[in-house]
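# Observations on the model geometry
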Amino acid sequence: MENRRKLGKIVLIGVSLCLAAVLFFLSPMAGEAAPKYGGTAKLAVARDPGQIGDPATRPFNLTDFRLSAPILETLFRYDTKGMMIPWLATGYEIAKDLKSITITLRKGIKFQDGTDFNAEAVKWNLDRYRTSKNPELQTVSSVEIVDPYSVKLNLSSWSSTLVDNFTLYPGLMISPTAFKERGPDKIKLDPVGTGPFKFKSWQRNTSLKLEKFDGYWQKGKPYLDEIEYLFISTPMTRASALKAGEVDGVMTVEFQFLKDLMATGNFYTLEPGLSNILICYIGDSAHPDSPFSDIRVRRALNYAVDSKQMVETINYGYGEVLNQYGTKGSWGYNPNVKGYPYDPEKAKKLLAEAGYGDGLNITLTGASWGTYAYYHPAIQAYLRQVGINAEIILDDPGKHDALLYKGWNKTWMHQAGRLIIPDAANNLMVYASCMSDMALKGTMLCPDDFMDALKKAQEASDFETKQKWTWEAQRLMVDEYCLINFYITCPRVQVFNKKLHDINWEVTTTVHWTPEDTWKD
Amino acid sequence: MTTFIIRRLIQTFFVLILVSIITFLILHMLPGDPARIMLGQDASQEQVDILRHELWLDRPLIVQYFQWLVNVFQGDFGKSMSYHEDVNRLILLHLPVTFYLGLVAMIISVILAIPLGIISAVRRGKVLDSVISVSANMGMAIPIFWLGVLFVYLLSLKLGWLPVQGYTSPFDDLWLSVKKMVMPVICLTVVPLATITRQTRSSMLEVIRQDYIRTARSKGLKQRVIITGHALKNAIIPIVTLLGVQMRYLVGGSVLTESVFNIPGMGRLMVRAVFDKDFLIVQGCIMTVAIVVTLANLAVDISYGYFDPRIRYEE
């Protein structure tokens, strides 16, 4: 009897210990800490937005979008692979005849002024957007209310890039009631959306404060009491403010400050996931008397440059080597594209074949601001080694834009290509093809098969077909015709204090982060 | 005196018109389309054309200029397309900040510079004169941006005594405002302090050699009375002229100081507007600076009559 009791005790203790261990490893204490409520997140950004309340009325740029994200939400968002996920909308259905799309909405959401988020509000927003001469919804002929939580978009023509737009400007929802009460001017500076934070105050060129919205549709969120953006234009001052603890995070820290900040052990970095700035150059390949019209010259320009070394030196190890219009990890990236690895001997050989064995003089026109200016001399040095003498002409934003839209005759133009959304087909059409509003039509070669592949991607009714033709367009652009010289990405590295958690700034696209999940120790 | 003032005001008016024309022309000669810059590369050409029409950019330059001028005479500098606010309001938000910092810097420079200049002149050739002169030369040579960065590194990051950046109104939190002002005010003080010290020394040296100063000494007057009662009064005119020239910092601000210390003043407002090609802000700011500077110079000219009775403006 005595032994049985002892055995019983041992078994009981053993089971209790096992149970405790299981509970421990399942609990938040074992890994991530549990989110805490309260506090203000102070984020330093380079400049204040122009407006944060009316995406249908331009200007409303990427900075405006990013900073208004805690207030205004989109119908859909992206995950880390670039696939759309539900947000204010729960899903969409494309009609078999491709003449309409029906979007279903999430129930139980209210705007910050108490207005219901429903089909009526969405129709109002979409109608306003498409009638404001914005380009994204031009193929939507009308918007109907199907039921209180469904809207149907009737289409004049189909485009596979349409739905992705609902993760961006057209997908941002503002309160129709607030718009009618405040008017088109005041709403820009005093917005009302469905987001986890509502507008509190705005001091121009100083700070923008947002406060918690208690009626947010995700119960239990947000965790922070306030978000405060501080507008600090000088990169050094932003980095110093972070180091001194005056701010909790800095958007875009220049590479030369990163080492010093990271050495303190108090900070962590986030690099953009799918949205990045691509350092690439486009030569005038359309004019027969331009040296860039010869594919051997275009290929030589790629072989001549050691992109890997540029990542390690100019980028301090951040970013990646680029060989197409897209970054690894997104669906638009074609892993089969060979590209042009560093091979200066091959570059020289190609130049000799093209008749430039004695040397080639070109003009490189490039951006003078930010970190862009560092890349041009590096590339110039690589090109010199293979016999290409590049004269660098730096331009300011105004002149750069003027060239983009008027053309750059016989020069090699730096293009800081932006991936705003992961839809590579859309990016190629807008920024890298003759369908663009920019002067590419008269400056870049537009081979029929490349344009055809883009068109097929645009017309695809399912994802697999769209991806297939996008990949084909990437292959043709790079391996077949070498239309653009891709080198590396120039990532916008964000730095945050370790006390700030789950901010996910730009880990999917350049305008999205998770203010509803952000919390502070 | 009245005739003089009226004549100067009429001259000022024409100076301002000329400044406005030059500013307008230069801004419109800069490359780049302001509508495209504001809307970004994603915008369609149709949107750009609509915005250009709204901003009157599709009209002839002379029409744009005269429309702006008519509005200015009605006290309206227009509406900024990048801020979506009235230019008047933006200037009224930023001007007091620049004025506050500039005024504090100017007062400190004058209070320190004139005595230093006098000491340097009176002690000419001595160690004190050398120290003051060398310091003044250094003050004029030191790059303000570098000085600002050095202050941030030493006083904020290393010692943790002062905040790195920002501006707080003295009416909101006086102590925080003072702490935030220390470094930018020192940066803004250095050059005028050095300049006024050198000018004071130079003017005093010229006056000290005059016969009436020798007469005053031979009458047995105390050195302090000779310096303040006789020498300084005669040496003050060039110093006052220099102060008039420095007035532009009270309204124009120092872009470098405002950038390093993140102060939302007129300098930063103007620079951002130039890069954004927000013409209306640039024109409004330049006109504001021009008005204040020309009126300040008028005040300086009138003050000559007070300091030197020999200078009188005929009726």
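Up top you'll find the structure we're talking about.
Report on the accompanying structure. These numbers come from a predicted model, not from an experiment.

Here we take up the overall build of chain B. The number of helices and strands found in chain B is 14 helices and 0 strands. Element order for chain B, N to C, with α for helix and β for strand: α-α-α-α-α-α-α-α-α-α-α-α-α-α. Overall, chain B is about 85 × 60 × 35 Å in size when its C-alpha atoms are taken along their principal axes. Within the span of chain B, comprising 315 residues, buried residues form 49% of the whole. Across chain B, the fraction of contacts at a sequence separation of at least 24, relative to all contacts at a separation of at least 6, is 70%. For chain B, the distance from the average site of its 28 positive side-chain charges to the average site of its 21 negative ones is 18 Å.

Next up on the list: the overall build of chain A. Secondary structure summary: chain A contains 15 helices and 20 strands in total. Taking 24 Å as the expected radius of gyration for a compact globule of 521 residues, we find that chain A reaches 26 Å, a close match to that expectation. Considering chain A as a whole, with its 521 residues, one finds that 57% of them fall into the buried category. In chain A, once contacts between residues fewer than 6 apart in sequence are set aside, the share between residues at least 24 apart is 70%. Put simply, chain A shows about 20,900 Å² of open surface, and 53% of that area lies on carbon and sulfur atoms.

A word on the side chain of Ser-177 of chain B. Residue placement: Ser-177 of chain B occurs in helix H8 (residues 174-208). Apart from residues lying up to four places away in sequence, Ser-177 of chain B is in contact with Tyr-100, Thr-168, Ser-169 and Pro-170 of chain B.

Right, let's get into the sheet that holds strand S11 (residues 249-250) of chain A. Residue and element names in this part refer to chain A. Spatially, 7 strands are ordered S8-S9-S10-S1-S11-S18-S12 in an open sheet, and the strand pairing comes out mixed. Either end of the sheet is taken by a strand with one partner, and the two such strands are strand S8 (197-203) and strand S12 (267-270). Pairing analysis gives 6 bridges linking strand S1 (residues 40-45) to strand S10 (residues 226-231), with the strands arranged parallel. For Thr-40, the partnering residue across the bridge sits in S10 and is Glu-226. On top of the sheet, helix H6 (residues 255-263) reaches S12 and strand S18 (494-497); it is set at about 140 degrees to S12, its chief contact.

Over its 36 residues, helix H5 (residues 87-122) of chain B runs 50 Å from end to end, which matches the ideal 52 Å to within 8%, given 1.5 Å per residue. Where H5 of chain B bends most, the angle comes to about 25 degrees, and this point is His-94 of chain B, followed within four residues by the proline Pro-96 of chain B.

Between chain A and chain B, the residue contacts involve 40 residues of the former and 37 residues of the latter. With both sides pooled, the region where chain A packs onto chain B buries about 3,600 Å², and carbon together with sulfur makes up 52% of that total. Remark: the boundary between chain A and chain B carries 4 salt bridges. Counting the contacts that link chain A with chain B gives 12 residue pairs in polar contact (both at pLDDT 80 or more). Considering every element that reaches the side of chain A that touches chain B, the biggest residue donor is helix H11 (residues 397-406) of chain A, with 6 residues. Tallied by class, the residues present in the side of chain A that touches chain B amount to 15 nonpolar, 12 polar and 13 charged.

Before going further, it helps to spend a moment on the environment of Leu-90 of chain B. Checked against the element boundaries, Leu-90 of chain B lands in helix H5. The buried category is assigned to Leu-90 of chain B, whose relative accessible area is 0%. Separated by 34 residues in sequence, Leu-90 of chain B and Arg-124 of chain B have C-alpha atoms that sit 49 Å apart. Those residues in contact with Leu-90 of chain B, other than ones at most four positions away along the chain, are Arg-204 of chain A together with Ser-80, Tyr-83, Glu-85, Leu-269 and Ile-281 of chain B.

Right, let's get into helix H3 (residues 45-54) of chain B. All names here are of chain B. Residues Gln-47, Val-48 and Leu-51 constitute the buried set of H3. Buried residues of H3, viewed axially, fall in a sector of 100 degrees; they line one side. Where H3 is buried, its residues contact helix H2 (34-39). Phi turns positive, to about 65 degrees, at Trp-56, one or two residues after H3.

Now for the pattern of salt bridges. Residue and element names in this part refer to chain A. Counted by the stated rule, this structure contains 32 salt bridges over all chains. Note that Glu-506 is salt-bridged to Arg-492, the shortest N-O span being 2.8 Å. Residue Glu-506 is located in the loop between strand S19 (500-501) and strand S20 (519-520), and its partner Arg-492 is located in the loop between strand S17 (485-489) and S18; the two are separated by 14 residues in the primary sequence. Residue class for Glu-506 comes out buried when judged on its relative accessible area of 0%.

Another point: the environment of Asp-502 of chain A. All names here are of chain A. For Asp-502, the position within the fold is in the loop between S19 and S20. Using a relative accessible area of 34% as the deciding quantity, one classes Asp-502 as partly exposed. A C-alpha to C-alpha distance of 29 Å links Asp-502 and Asn-118, two positions 384 residues apart in sequence. Those residues in contact with Asp-502, other than ones at most four positions away along the chain, are Thr-514, Asp-517, Thr-518 and Trp-519. At 3.1 Å, the side chain of Asp-502 and the side chain of Trp-519 are in polar contact.

Attention shifts here to the pairing of strand S6 (residues 140-147) of chain A. Residue and element names in this part refer to chain A. As paired strands, S6 and strand S7 (residues 150-155) are joined by 6 bridges and run antiparallel to one another. The partner of Ser-142 across the bridge, within S7, is Asn-154. Between S6 and S7, which pair antiparallel in sequence order, lie 2 residues.

Right, let's get into the packing of aromatic side chains. Scanning the entire structure with this criterion turns up 25 aromatic pairs over all chains. Consider the rings of Phe-60 of chain A and Tyr-169 of chain A, whose centres lie 6.0 Å apart with planes at 80 degrees: the pair is edge-to-face. Of this pair, Phe-60 of chain A sits in the loop between S1 and helix H2 (62-68) while Tyr-169 of chain A is found in the loop between S7 and helix H4 (176-189), placing the two residues 109 residues apart along the sequence. The pair Phe-60 of chain A / Tyr-169 of chain A is uniform in exposure class, with both members buried. On the numbers, 5.5 Å between centres and 70 degrees between planes, the contact of Tyr-65 of chain B with Phe-66 of chain B is edge-to-face. In this structure Tyr-65 of chain B comes out as buried when scored by relative accessible area, which is 8%.

Once that is clear, we can look at unusual backbone geometry. With an omega dihedral of 0 degrees, the bond running from Lys-221 of chain A to Pro-222 of chain A counts as a cis peptide bond. When you line up the elements, Pro-222 of chain A lands in the loop between strand S9 (207-212) and S10. A positive phi is found at Glu-506 of chain A, a non-glycine position, where the angle reads about 60 degrees. In this model, His-84 of chain B sits at a positive phi of 60 degrees, which is unusual for a non-glycine residue. As for its position among the elements, His-84 of chain B is in the loop between helix H4 (61-73) and H5.

Judged by nonpolar contacts, the single largest core of 83 residues is most densely connected at Leu-383 and Trp-412 of chain A. Judged by nonpolar contacts, the second largest core, of 69 residues, contains Phe-111, Val-143, Ile-174 and Phe-496 of chain A.

All names here are of chain B. Residues Phe-99, Leu-103, Ile-107, Ile-108, Ile-111, Leu-112, Leu-116, Ile-119 and Leu-128 make up a contiguous nonpolar surface patch of roughly 710 Å² in combined accessible area. Among the elements that make up the nonpolar patch, the one with the highest residue count is H5 (8 residues). Residue placement: Ile-107 occurs in helix H5. A relative accessible area of 44% places Ile-107 in the partly exposed class.

Residue and element names in this part refer to chain A. With the rule as written, the count across this model stands at 0 disulfides over all chains. Cys-280 takes part in no disulfide bond, and the closest cysteine sulfur, belonging to Cys-490, lies 11 Å away. According to the relative accessible area criterion, Cys-280 is buried, its value standing at 0%. In this structure Cys-482 is not part of a disulfide, and its nearest cysteine sulfur, from Cys-280, lies 12 Å away.

Helix packing for two helices is described by the angle between their axes and how far apart those axes are. Residues and elements named next belong to chain B. Look at H5 against helix H10 (residues 223-246): their axes get within 11 Å of each other, and the N-to-C directions meet at 130 degrees. Between H5 and H10, the interaxial angle falls into the category oblique. The handedness of the crossing between H5 and H10 is right-handed. Contact with H5, carried on its side by Met-106, Val-110, Ile-114, Ile-118 and Val-122, involves Gln-223, Ile-227, Leu-232, Ile-239, Leu-243 and Gln-246 of H10 and no other residues of that element. For the contact of H5 with H10, the residue count by class is 9 nonpolar, 2 polar and no charged.

Reading the values: the criteria
Residues numbered from 1 in each chain as written. Chains lettered and ligands numbered in written order. Predicted model: local features only at pLDDT ≥ 70, side-chain atom pairs only at ≥ 80, totals over all residues. Heavy atoms only, no water. Helix = DSSP H or I, 4+ residues; strand = E, 2+ residues; numbered from the N terminus. Buried < 20%, exposed > 50% of the residue type's maximum accessible area, 1.4 Å probe, protein only. Contact = heavy atoms within 4.5 Å. Lys, Arg positive; Asp, Glu negative; His and termini not counted. Charge placed at Lys NZ, Arg CZ, Asp CG, Glu CD. Rg over C-alpha atoms; globule rule 2.2 N^0.38 Å. Areas by Shrake-Rupley, 256 points an atom, 1.4 Å probe, with all protein chains shown as cover. Pairing = 2+ DSSP bridges. Axes fitted to C-alpha atoms, helices over the stretch in contact; angles between N-to-C directions. Expected span 1.5 Å × (residues − 1). Bend = angle between axes of the 7 residues up to and from the residue. Buried area = accessible area lost by both parts, 1.4 Å probe. Salt bridge = Lys/Arg side-chain N within 4 Å of Asp/Glu carboxyl O. Polar contact = N/O pair within 3.5 Å; in protein donor to acceptor, adjacent residues only side chain to side chain. Nonpolar A, V, L, I, M, F, W, Y, C, P; charged D, E, K, R; others polar. Arc of directions from axis to C-beta. Phe/Tyr/Trp six-rings, centres within 6.5 Å; stacked < 30°, edge-to-face > 60°. Core = buried A, V, L, I, M, F, W, Y, C linked by side-chain atoms within 4.5 Å. Patch = residues over 30% accessible without salt bridge, like charges linked within 9 Å, V, L, I, M, F, W, Y side chains within 5 Å. Disulfide = S-S within 2.5 Å. Parallel < 35°, antiparallel > 145°, perpendicular 65-115°, else oblique. Left-handed = near helix turned anticlockwise from the far one by under 90°.

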